[in-house]
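Chain residues, written in single-letter form:
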Amino acid sequence: MNQGDEKSGNGIWERELVTRLASAALKEQRRARLWGIFFKLLTFAYVTLILVMTVDWQARTDLGGGKKHTAMVELNGVIAPGSDASAEKVTSALQAAFKDKNTQGVVVRINSPGGSPVQAQTIYDEMRRLRKKYPDTPLYAVVEDICASGGYFVAVGADRIYVGKASIVGSIGVIMNGFGFTGLMDKLGVERRLITAGENKGMLDPFSPMDEKDKQHVLAMMKDIHQQFIGVVREGRGKRLKEAPELFSGLIWTGQKSVELGLADGIGSLEYVAREVVKAEDIVDFTQKENLAEKFAKRFGAGAASALMEFVLRASAGGVIR
């Protein structure tokens, strides 16, 4: 190789080195810009969330506008952990309703087919506790479409129960259901292999034949829960109950019939109870629902996770936002 070729080769190598260095520097600048944009967006979202929470908190601190009112708490849907009708949400709402100095009476508006007996018991117990703590604040239940099973369990914790004429009330009983697939498995030629440590661990397995011993055990457990339910109804309703053999059989009745049986006290809507019974026509909703801050946080949380992943991937690859 002559001297000219050697100089030419060195020039190409130097240009490639400079190009690589420039490219690396550009990628680093892009990464820095990406992270800068991300953290600015994160800061903006955080400030927005704080502002939304502040506005929502201020709105909640003056629920009744300083006037005497009827405090309303909704119990809507299946009573279960994590639901809008969970014991956590309903009891928190009840506590806030009773604590408000302008509350003249509290109404639990119920539209529920029932649910967890444990959750219903927790709500009932808290209703009784608050009623004793605030003896001058009456507590009523108003039934909309349905107040059955666990919904009625909660209702009997009120001083009085008001229903619509066509409301569905009752179902004082306990149910456990499932399916059995043994016949189908035999037809399909499927063999069940169940291995347990503890002779009763596979109890009520839907792929195994029903064991009479297991059935009797579950029946005894359900009867125990049923008796607890009956005890709560008798405690809550007292002498107002009309003793009828079918009362605790799991049957349901119309609102009108439930009044005749002593399961309810009268016909009336939320507005009627607020106006004619509590004597405070203004109704303030204390139901624990997702506020603006919670909704924003959930949506932002999901969006932020997706955005963060995209930023990380782009930044690590040296990409740019186009």
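Residues numbered from 1 in each chain as written. Predicted model: local features only at pLDDT ≥ 70, side-chain atom pairs only at ≥ 80, totals over all residues. Heavy atoms only, no water.

## A look at the nonpolar core
In step 1: Core analysis: the largest hydrophobic core is formed by 46 residues, its most contacted members being L75, L94, I123, Y152 and I161.
In step 2: Among the elements of the structure, β1 (69–76), α2 (87–99), β2 (103–112), α3 (117–133), β3 (139–148), α4 (150–155), β4 (160–163) and α6 (212–237) are those that each provide at least two residues to this core.
In step 3: The biggest single contributor to this core is α2, with six residues.
In step 4: Leaving out residues up to four positions away in the same chain, L94 has contacts with V73, V106, V108, I123, M127 and L130.
In step 5: Judged by nonpolar contacts, the second largest core, of 10 residues, contains Y140, V142, L270 and V278. (Core = buried A, V, L, I, M, F, W, Y, C linked by side-chain atoms within 4.5 Å. Buried < 20%, exposed > 50% of the residue type's maximum accessible area, 1.4 Å probe, protein only. Helix = DSSP H or I, 4+ residues; strand = E, 2+ residues; numbered from the N terminus. Contact = heavy atoms within 4.5 Å.)

## Overview of the pairing of β3
In step 1: With respect to burial, β3 is a largely interior element, seven of its 10 residues being buried.
In step 2: The pairing of β2 with β3 spans six bridges and is parallel. Among the inter-strand pairings, I110 is bridged to a residue of β3, identified as V143.
In step 3: Note on the crossover from β2 through α3 to β3: the handedness is right-handed. (Pairing = 2+ DSSP bridges. Right-handed = clockwise from strand over helix to strand, strands pointing away.)

## Regarding the pattern of salt bridges
Oppositely charged side chains can form a pair if their charged atoms are brought close together.
In step 1: The final tally for this structure, using the stated rule, is 12 salt bridges.
In step 2: Between D84 and K89 there is a salt bridge, and its shortest N-O distance comes to 3.3 Å.
In step 3: By relative accessible area, which is 53% here, D84 ends up exposed.
In step 4: With a relative accessible area of 25%, K89 lands in the partly exposed category.
In step 5: Taking the shortest distance from any N to any O, the salt bridge between R240 and D265 comes out at 3.1 Å. (Salt bridge = Lys/Arg side-chain N within 4 Å of Asp/Glu carboxyl O.)

## Looking at the packing of aromatic side chains
In step 1: Under the counting rule described, the total for this entry stands at five aromatic pairs.
In step 2: Centroid distance Y140 to Y162: 6.3 Å. Interplanar angle 70 degrees. Geometry classified as edge-to-face. Highlighted residues: Y140 in strand β3 and Y162 in strand β4, separated in sequence by 22 residues. This pair shows no difference in class: Y140 is buried, exactly as Y162 is.
In step 3: In this structure an aromatic cluster arises from ring pairing among Y124, F153 and F229. (Phe/Tyr/Trp six-rings, centres within 6.5 Å; stacked < 30°, edge-to-face > 60°.)

## Description of the environment of V273
In step 1: Positionally, V273 belongs in helix α8 (residues 270–278).
In step 2: Each C-alpha atom of the pair V273 and Y140 lies 8.3 Å from the other, and the pair is 133 residues apart in sequence.
In step 3: With residues near it in sequence (within four places) discarded, V273 still touches V107, Y140, V142, Y162, V278 and K279.

## Quick notes on the pairing of β2
Regular strands place side chains that alternate from one sheet face to the opposite one.
In step 1: In terms of burial, β2 is a largely internal element, nine of the 10 residues being buried.
In step 2: Taken together, the eight bridges between β1 and β2 define a ladder with parallel strand orientation. The partner of H69 across the bridge, within β2, is T103.
In step 3: In this fold, β1 hands off to α2, which returns the chain to β2; that crossover is right-handed.

## Details of the packing of α3 against α6
In step 1: Where α3 contacts α6, the two axes come as close as 12 Å, and the packing angle between them is 25 degrees. Between α3 and α6, the crossing angle belongs to the class labelled roughly parallel. The chirality of how α3 crosses α6 is left-handed. Counted together, P117, Q121, Y124 and R128 of α3 and I225, V232, E235 and G236 of α6 form the full contact between these two elements.
In step 2: Its residues placed into classes, the contact of α3 with α6 shows four nonpolar, two polar and two charged. (Axes fitted to C-alpha atoms, helices over the stretch in contact; angles between N-to-C directions. Parallel < 35°, antiparallel > 145°, perpendicular 65-115°, else oblique. Left-handed = near helix turned anticlockwise from the far one by under 90°. Nonpolar A, V, L, I, M, F, W, Y, C, P; charged D, E, K, R; others polar.)

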